[in-house]
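For reference, the chains in residue letters:
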Amino acid sequence: MEFLALLLIVLVVVMLQNWVFQRWGLRSLDYSCTLSTDEATQYDDIELVETITNRKWLPAPWLKSEITTSVGLDFAGAQSVLTDKSRFVPSFFMVRSYQTVKRVWNVHCAARGEMEIQKIVLVSTDLFGNVTLSRPVEVSANVLVLPKPFVLEEVFLSPKNLSGDTIVRKHLLEDPFFFSGVREYTGREPINQIHWNASVKEQELMVYQHDSTSTQTLTVILNMQSQARDFADRPHLLEACIRTSASVIENTWVEQIPVRLMSNGNISKEALKTHQGLISTQSWGKEHILELFRLLAKLKYGFTDPFDEYLYDISASVTSSDIVIVTAYLTQAVCDFAREKQLFGVRVKIFILGRISEQEIPEDCDIYCFRENYNLQTETKEEKIS
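Within every chain, residues take consecutive numbers counted from 1 along the sequence as written. Thresholds applied to this predicted model are a pLDDT of at least 70 for local features of residues and 80 or more for the giving and counting of side-chain atom pairs; totals over whole chains, interfaces and linings are not thresholded and use all residues. Side-chain metrics in this entry use all non-hydrogen atoms of the structure; hydrogen atoms and water are not considered.

Engineer: Help me understand unusual backbone geometry in this model?
Structural biologist: Both trends apply: most residues other than glycine have a negative phi, and most peptide bonds are in trans. Phi is positive for Tyr 98, which is not a glycine, with a value near 50 degrees. Secondary structure elements follow DSSP: runs of H or I no shorter than four residues count as helices, runs of E no shorter than two count as strands, and numbering proceeds from the N terminus. Among the secondary structure elements, Tyr 98 is positioned in the loop between strand S7 (86–95) and strand S8 (100–109). Three exposure classes are used, based on accessible area relative to the maximum for each residue type with a 1.4 Å probe and protein chains only: buried under 20%, partly exposed in between, and exposed over 50%. Overall, the relative accessible area of 58% leaves Tyr 98 in the exposed class. Positive phi, normally seen in glycine, also occurs at His 275, with a value near 60 degrees.

Now the structure itself:
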């Protein structure tokens, strides 16, 4: 009889605590999740901070936050589960009455792009595990991971720096500091342009012959099509192309060269569907370069048009003194585009990220090839063992 009474008391206590935890288990629990920065560079380490505050007398003996993040955020030391687009990270807490618990995660930015904490679900139970409670938590934690530029001298074969002024065939204004000879006076030139020594020698009025010049400007053309025939994406090559573009753009900052980014990709899927390529403004300086890095970070996989067609469409609109083409492959159309621009005094450099044989490299094009012994994962050159 006493045993039955004791058993009854235990059942009542268990049912009572079940009811208490079911009613108040997740009440008055404040949860927040923040990132230490809203902008980082690829391969940087940042912090994710979880804060839980229990504002009631009832403790939370077992509390779990199920964190779903972008796959590019790597949680150091976490037993995470990966899918194609997301990473699931469990985080366990034991929170006493009226206590605040804070946990700091070390997060590695493994890839460029718009990374976010997609959703968080709080899961709790009672003392005996009889009741399971869950509650979604609204979070707004995002970080834009900028691409990390390559060191071009290490990654490509014999790259060259872009700097200085260059001669072009046509320009609206002549540069008085550049002249290539003398010519006959036509009557339209100002008196201060007369070359008196040449006039005496030729026994007729001669004037300075100026070449048309322009301060150097640069257009970086990025190909988001990873291979010429098969339209399937090869992400590792596209990412290498993006990082190469970032490197070229970064190198213009020291020389204060105006730069513009163009691509047959875009930062929105809707623009890709409507065949709208990416065209940035042309400017210079640290803020402009940062804006171009942000565009590179937001680029989606996919392309508006095949690259050969894209080059044909934009050819007339590209009027910079220098052009850098970054592509995963080389075609005849790319070489023809470069030759056409070179005929008008434009310097064109082509960075190839895919494999290419020496026989495929034309002598009249300025081409830089990706070093095959460069390891993108460790960012080192692999020495060959003889």
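Engineer: Any chance you could explain the packing of aromatic side chains here in plain terms?
Structural biologist: Centre distance and the angle of the planes are the two values used to describe a pair of aromatic rings. Pairing of aromatic rings covers Phe, Tyr and Trp, the last counted by its six-membered ring, and requires centre-to-centre distances within 6.5 Å; plane angles under 30 degrees mean stacked, over 60 mean edge-to-face, and any other angle means tilted. Within the structure shown, the criterion is met by seven aromatic pairs. Both rings, one in Phe 75 and one in Trp 105, keep their centres 5.6 Å apart while their planes meet at 75 degrees; by these two values the pair is edge-to-face. One end of the pair, Phe 75, is in strand S5 (residues 73–75); the other, Trp 105, is in strand S8, with 30 residues separating them in the sequence. Side by side, Phe 75 and Trp 105 carry an identical accessibility label, which is buried. Between Phe 156 and Phe 370, the aromatic rings sit 5.8 Å apart at their centres with planes inclined by 80 degrees, giving edge-to-face as the arrangement. Taken together, the positions of Phe 156 in the loop between helix H2 (152–155) and strand S12 (166–167) and Phe 370 in the loop between strand S21 (366–369) and strand S22 (374–375) put the pair 214 residues apart, joining distant regions of the chain. Residues Phe 156 and Phe 370 agree in their burial class; the two are buried. Aromatic ring contacts, followed pair by pair, group Phe 150, Phe 156, Phe 351, Tyr 368 and Phe 370 into a single cluster. Two conditions define a charge sitting above a ring: the NZ of Lys or the CZ of Arg must be within 6 Å of the ring centre, and it must be within 35 degrees of the ring normal. Here the basic side chain of Arg 103 rests over the ring of Phe 93, its NZ or CZ set 4.4 Å away from the ring centre.

Engineer: Just checking my understanding: could you explain the packing of helix H7 (residues 307–314) against helix H8 (residues 332–343) for this structure?
Structural biologist: Any two packed helices are characterised by how steeply their axes cross, that is the angle between the axes, and by the distance between the axes. The interhelical angle for the contact between H7 and H8, taken along N-to-C directions, is 20 degrees, at an axis separation of 9 Å. With respect to H8, the axis of H7 lies roughly parallel. Once H7 is placed against H8, the crossing between them reads as left-handed. Side by side, H7 and H8 meet where Phe 307, Asp 308 and Leu 311 of the first sit next to Ala 333, Val 334 and Phe 337 of the second. Note that Gly is not counted as nonpolar here; it falls among the polar residues with everything else outside the nonpolar set of Ala, Val, Leu, Ile, Met, Phe, Trp, Tyr, Cys and Pro and the charged set of Asp, Glu, Lys and Arg. Across the contact of H7 with H8, the residue classes tally to five nonpolar, no polar and one charged. Fitting a line to C-alpha atoms yields each axis, with helices limited to the stretch in contact; the angle taken between N-to-C directions then spans 0 to 180 degrees. In what follows, roughly perpendicular refers to angles from 65 to 115 degrees, roughly parallel to angles under 35, roughly antiparallel to angles over 145, and oblique to any angle outside these ranges. Note on convention: near helix rotated counterclockwise from far helix by under a right angle means a left-handed crossing. Clockwise means right-handed. Here a residue-residue contact requires only that any non-hydrogen atoms of the pair lie within 4.5 Å.

Engineer: Please clarify how the pairing of strand S3 (residues 45–54) should be interpreted in this entry.
Structural biologist: Two faces, one strand: in a regular strand the side chains alternate between the faces of the sheet. With respect to burial, S3 is a largely interior element, seven of its 10 residues being buried. If DSSP finds at least two bridges between two strands, the strands pair. The pairing of S3 with S8 spans nine bridges and is classified as antiparallel. When the sheet's bridge partners are listed, Thr 51 is paired in S8 with Lys 102.

Engineer: Is there a simple way to explain the nonpolar core in this structure?
Structural biologist: Here is a general trend for soluble globular proteins: nonpolar side chains tend to be buried in one another's company. The criterion is simple. A nonpolar core is a set of buried Ala, Val, Leu, Ile, Met, Phe, Trp, Tyr and Cys residues joined through side-chain atoms within 4.5 Å. Ranked by size, the top nonpolar core spans 59 residues in total, and within it Ile 221, Leu 222, Ile 249, Ile 325 and Ile 350 carry the most contacts. The element that contributes the greatest number of residues to this core is helix H4 (residues 235–255), accounting for eight residues. Setting aside anything within four residues of it in sequence, one finds Ile 249 in contact with Val 220, Val 259, Leu 261, Ile 289, Leu 292, Phe 293 and Leu 296.

Engineer: Is there a simple way to explain the pattern of salt bridges in this structure?
Structural biologist: Opposite charge on two side chains allows them to pair when their charged atoms are near. Salt bridge, as used here, is a side-chain nitrogen of Lys or Arg placed within 4 Å of a carboxyl oxygen of Asp or Glu. Counting across every chain of the model gives 11 salt bridges. The partner of Arg 55 in a salt bridge is Asp 30, and the shortest N-O contact between them spans 2.6 Å. Linking Arg 55 in the loop between S3 and strand S4 (60–70) with Asp 30 in strand S1 (residues 29–35), this pair joins segments that are 25 residues apart in sequence. A relative accessible area of 35% places Asp 30 in the partly exposed class. Here Glu 239 ties to Arg 112 by a salt bridge, and the two come within 3.0 Å at their closest N and O atoms. Placement of Glu 239 in helix H4 and of Arg 112 in the loop between S8 and strand S9 (113–125) is noted, with a sequence separation of 127 residues between them. Residue class for Arg 112 comes out buried when judged on its relative accessible area of 8%. Each of Glu 39, Glu 291 and Arg 294 takes part in a single network of salt bridges with overlapping partners.

Engineer: Can you walk me through H7 in this structure?
Structural biologist: An α-helical segment advances 3.6 residues per turn. Residues three or four places apart therefore align on the same side. The set of residues buried in H7 consists of Phe 307, Tyr 310, Leu 311 and Ile 314. Angularly, the buried residues of H7 cover 100 degrees about the axis, an arc narrow enough to put them on a single face. Of the exposed residues in H7, those oriented more than 90 degrees away from the buried face are Tyr 312 and Asp 313. The inward-facing, buried residues of H7 contact strand S16 (218–222), strand S17 (259–263), strand S18 (278–279), strand S19 (322–327) and H8. Picture the helix axis, draw a direction to every C-beta atom, and the arc is the one those directions span.

Engineer: Which parts of the structure should I look at to understand the side chain of Asn 266?
Structural biologist: Among the secondary structure elements, Asn 266 is positioned in the loop between S17 and helix H5 (269–273). Contacts described as polar in this section are N or O atom pairs within 3.5 Å, which, within protein, must combine one atom able to donate a hydrogen with one able to accept it, while residues neighboring in sequence count only if both atoms come from side chains. A polar contact of 3.4 Å, which involves the side chain of Asn 266, links it to the backbone oxygen of Gly 277. The contact partners of Asn 266, leaving out residues within four places of it in the chain, are Ala 271, Leu 272, Gln 276, Gly 277, Leu 278, Lys 298, Leu 299 and Lys 300.

Engineer: Looking at this structure, I do not really get the sheet that holds S5. What am I missing?
Structural biologist: Pairing between the strands of a sheet is mediated by backbone hydrogen bonds and can be parallel or antiparallel. Sheet architecture is open: four strands sit in the order S1-S3-S8-S5, paired in antiparallel fashion. Each edge of the open sheet is held by one strand with a lone partner, namely S1 and S5. With direction set aside, neighbouring strand axes in the sheet form an average angle of 30 degrees. Alignment of S1 against S3, held across seven bridges, turns out to be antiparallel. In the strand pairing of S3, Leu 29 is matched with Asn 54.

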